[in-house]
Amino acid sequence: GKASGKTSSKFSYVQDELETLLMALPETTQVNVLFFGDGVEAFRTADGGRPELIPLTTRGRSELVRYVRNLAPNGGTNLYTALDRALDLAGRGLK
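The shown structure was predicted, so the numbers you read here are calculated from the model rather than taken from an experiment. (Residues numbered from 1 in each chain as written. Predicted model: local features only at pLDDT ≥ 70, side-chain atom pairs only at ≥ 80, totals over all residues. Heavy atoms only, no water.)

A. Fine view of the side chain of R61. For R61, the position within the fold is in helix α2 (residues 58-70). It turns out R61 is buried and unbridged, and the closest side chain with the opposite charge, E27, is 4.9 Å from it. In terms of polar contacts, R61 uses its side chain to reach the backbone carbonyl oxygen of L25, at 2.9 Å. In this view, R61 contacts L22, M23, A24, L25, P26, E27, P55 and L56; residues no more than four positions away in its chain are not counted. (Helix = DSSP H or I, 4+ residues; strand = E, 2+ residues; numbered from the N terminus. Buried < 20%, exposed > 50% of the residue type's maximum accessible area, 1.4 Å probe, protein only. Lys, Arg positive; Asp, Glu negative; His and termini not counted. Salt bridge = Lys/Arg side-chain N within 4 Å of Asp/Glu carboxyl O. Polar contact = N/O pair within 3.5 Å; in protein donor to acceptor, adjacent residues only side chain to side chain. Contact = heavy atoms within 4.5 Å.)

Given below as C-alpha cells:
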C-alpha cells in the first residue's frame, strides 16, 4: 500500500541521516547496509546471496547513496529477521 505522509517523512529522515553517515566515513571504510521492511535485503551481494563489503571510494559511496535515495518504505518493520541476518553475517564474517 501507499505509505502515509508521516511514515514517508520518517523514512526521509533515515535516508538523510544514512547519507550523512556514509559521506562522513573515510574512503578506507568498507560497508554494506541491510535494509528491512517485509523482508531483508543487502545493498550488494556476491554469488550465493552473501553480502559483500563495499569500499567507500567515490564510486562505491555514490552507488550506495543513490540506492538509499531510491528506496521506499516497504511494508512492516521486520526487525527480528534483519537483526538475525546481521548477527549471522557477523558470526561468519564478511569477505
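Okay, back to it.
B. Up close: the environment of R85. Following the sequence through the fold, R85 ends up in helix α3 (residues 79-92). For the pair R85 and V40, spaced 45 residues apart in sequence, the C-alpha separation works out to 8.1 Å. Apart from residues lying up to four places away in sequence, R85 is in contact with L34, V40, E41, A42, T45, G49 and P51.

C. Layout of the packing of aromatic side chains. Inspection of every chain in the model, using the stated rule, returns two aromatic pairs. For the ring pair F35 and Y67, a centre distance of 5.4 Å and an interplane angle of 55° mean the geometry is tilted. With F35 in strand β2 (residues 34-36) and Y67 in helix α2, this pair connects stretches of sequence that are 32 residues apart. In this structure Y67 comes out as partly exposed when scored by relative accessible area, which is 22%. A ring pair is formed by F43 and Y67, whose centres lie 5.2 Å apart and whose planes are at 65°; its orientation type is edge-to-face. Of this pair, F43 sits in the loop between β3 (40-42) and β4 (54-55) while Y67 sits in helix α2, placing them 24 residues apart in sequence. According to the relative accessible area criterion, F43 is buried, its value standing at 13%. Grouping aromatic residues by their ring pairs yields a cluster made of F35, F43 and Y67. (Phe/Tyr/Trp six-rings, centres within 6.5 Å; stacked < 30°, edge-to-face > 60°.)

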